[in-house]
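Structural features, examined
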Amino acid sequence: MAGTAGSEPAAVDDDAVAQVHAGDERTFGQLVEPHRRELRVHCYRMTGSLDDAEDLVQETLLRAWRRRETFEGRSSLRAWLYRIATNACLEQLRRTPRVTPSRPDDGRLPPYSALPWLQPFPDALLDAPAPEQEAPDALVVARETIELAYLTAVQLLPPRQRAVLLLRDVLAFSAAETAELLDLSVPAANSALQRARATLASSQGSRDEASAASASPHERELVDRYIRAHEEVDPAAIVAVLRADARLTISPVGACWDGRDEIAPPYLERMGSLGDWRCVPTSANRQPAVAHYLRRFGEHEFRAFSLVVLGIQGAELVEIATFASPELFAAFGLADVLS
């Protein structure tokens, strides 16, 4: 399960290391900037929050600058940065512990709305070109390691198990490298990995289902139908394509409806009661997504309202993950207002 493995020379040029040690900010920036994107994805996987990931990347680079003399150039710059980033994440998770929900009796993952810190990640930030010719290989993020189901399953792990799993199974660090990065013995790191894999295995079915959805030939048609139904205020058109066990969640308010029969009333009652809708297709977490703009009755502009990430399998909607956080629109390169 390779996710963001990049490649680079084993050592940084001695002259560059000397310049960094001497306080050359330009050289330091040239060395670390190509790693910013993959560090942001790593911090996002660790925390589940796009906002936290942005802050933690800044904290990582600040710590790296302050500790630049500890980088001797004999080992990988990438590993050194991941050590700093991972420990920054672990420290934040210790400072602000989160109450994670337990797995429901039916074996499904908890709803995304049960994790109020969970936020979608814009695909545009995954697909942006590398900033420098000498940058590590283009960032490759496999859908199975970034989709919302995987992020939710990972968030259920204790933070240190989470870190070991991501370093080993997603970033392809060796057992010895992982142990060194986390100040663990190799046996302790291997034990944490086994426990994390065992916990994650119980959610494999959910991840397989979401991954299979990416290959559906009906995906584009279903997204178009979803958008048209909103703009034409036709909730029945959405209910018609819901799978019987579909799930609708609204974050961060914690709302969740399971099953077509539970979902239908909220759509039928609320879709036309707020005003007129305009929808813009986008993508998040390697899944189709839609930005919802609402023009309330008596107003003249459509304003950012919510981002929705869709889970699709075959010709059916299996998940409607709603994030009622208009402040996320900027990260997706979306306007706040449409005329």
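We now turn to the structure provided with this report.

**Notes on the pattern of salt bridges**
In the structure shown here, the tally under the stated rule is 16 salt bridges. Of the charged contacts in the structure, one is a salt bridge between Glu38 and Arg78, with a shortest N-O distance of 3.0 Å. Taken together, the positions of Glu38 in helix α3 (residues 36-47) and Arg78 in helix α5 (residues 77-95) put the pair 40 residues apart, joining distant regions of the chain. Classification of Glu38 as buried rests on a relative accessible area of 4%. The buried category is assigned to Arg78, whose relative accessible area is 7%. Linking Arg197 and Asp169 is a salt bridge whose minimum nitrogen-to-oxygen distance equals 2.7 Å. Of this pair, Arg197 sits in helix α10 (residues 186-201) while Asp169 sits in helix α8 (residues 159-170); the two residues are 28 residues apart in sequence, bridging distant segments of the chain. Salt bridges sharing partners connect three or more residues here, namely Glu59, Arg63 and Glu91.

**Focus on unusual backbone geometry**
With an omega dihedral of 0°, the bond running from Ser251 to Pro252 counts as a cis peptide bond. Turning to its location among the elements, Pro252 is positioned in the loop between β1 (242-251) and β2 (255-258). The phi angle at Ala172 is positive, at roughly 65°, despite the residue not being glycine. Its location among the elements puts Ala172 in the loop between α8 and α9 (175-181). Note on Ala172: relative accessible area 54%, which makes it exposed. Backbone geometry places Asn285, a non-glycine residue, at a positive phi of 55°.

**Concerning the packing of helix α2 (residues 25-32) against helix α4 (residues 50-66)**
Contact pair α2 / α4: the axes reach a minimum separation of 12 Å and the direction vectors enclose 130°. Taken together, the axis directions place α2 and α4 in an arrangement best described as oblique. In the crossing of α2 with α4, the sense of the turn from one axis to the other is right-handed. Contact residues: α2 offers Glu25, Phe28 and Val32, while α4 offers Leu61, Ala64 and Trp65. By residue class, the composition of the contact of α2 with α4 is five nonpolar, no polar and one charged.

**A few points about the environment of Arg66**
Of note, Arg66 is situated in helix α4. Here the alpha-carbon distance between Arg66 and Gly23, two residues 43 residues apart in the chain, equals 9.7 Å.

**A closer look at the state of the cysteines**
Scanning all chains against the criterion turns up zero disulfides. Here Cys43 stays free of any disulfide, with the sulfur of Cys89 as its closest cysteine sulfur at 3.7 Å.

**Observations concerning α3**
In this model α3 runs 16 Å from its N-terminal to its C-terminal C-alpha over twelve residues, within 8% of the 16 Å that 1.5 Å per residue would give. Across the twelve residues of α3, eleven count as buried, placing the element largely inside the fold. Within the span of α3, buried status applies to Arg37, Glu38, Leu39, Arg40, Val41, His42, Cys43, Tyr44, Arg45, Met46 and Thr47. Residues of α3 that are buried make contact with α4, α5, α6 (123-127), α7 (148-155) and α8.

**Some thoughts on helix α12 (residues 219-231)**
With 13 residues, α12 should reach 18 Å at 1.5 Å per residue; the first-to-last C-alpha distance of 19 Å fits that figure. Listed as buried for α12 are Glu219, Leu222, Val223, Tyr226, Ile227, Ala229 and His230. In an axial view of α12, the angular spread of the buried residues amounts to 160°, which keeps them on one side of the axis. Following α12 by one or two positions, Val233 adopts a phi angle in the positive range, close to 50°.

**What about the pairing of strand β5 (residues 302-313)?**
Each regular strand displays side chains that alternate between the two surfaces of the sheet. Burial analysis of β5 places nine of its twelve residues in the buried class, which makes it a mostly covered element. Sheet analysis places strand β4 (residues 287-296) next to β5, joined by six bridges and oriented antiparallel. Following the sheet pairing, Val290 is matched in β5 by Val308. Here β4 folds back onto β5, and the loop between the two strands holds five residues, one of which, Gly298, carries a positive phi near 90°. Inspection of the sheet shows β5 paired to strand β7 (residues 337-338) by two bridges, in the antiparallel sense. Bridge pairing links Phe302 to Leu338 in β7. Relative to strand β6 (residues 316-323), β5 runs antiparallel, the two being bridged by seven bridges. Within the sheet, the bridge partner assigned to Leu307 lies in β6 and is Phe323.

Each value, and the rule that gives it
- Residues numbered from 1 in each chain as written.
- Predicted model: local features only at pLDDT ≥ 70, side-chain atom pairs only at ≥ 80, totals over all residues.
- Heavy atoms only, no water.
- Salt bridge = Lys/Arg side-chain N within 4 Å of Asp/Glu carboxyl O.
- Helix = DSSP H or I, 4+ residues; strand = E, 2+ residues; numbered from the N terminus.
- Buried < 20%, exposed > 50% of the residue type's maximum accessible area, 1.4 Å probe, protein only.
- Axes fitted to C-alpha atoms, helices over the stretch in contact; angles between N-to-C directions.
- Parallel < 35°, antiparallel > 145°, perpendicular 65-115°, else oblique.
- Left-handed = near helix turned anticlockwise from the far one by under 90°.
- Contact = heavy atoms within 4.5 Å.
- Nonpolar A, V, L, I, M, F, W, Y, C, P; charged D, E, K, R; others polar.
- Disulfide = S-S within 2.5 Å.
- Expected span 1.5 Å × (residues − 1).
- Arc of directions from axis to C-beta.
- Pairing = 2+ DSSP bridges.

Taken by themselves, the reported measurements are silent on function.
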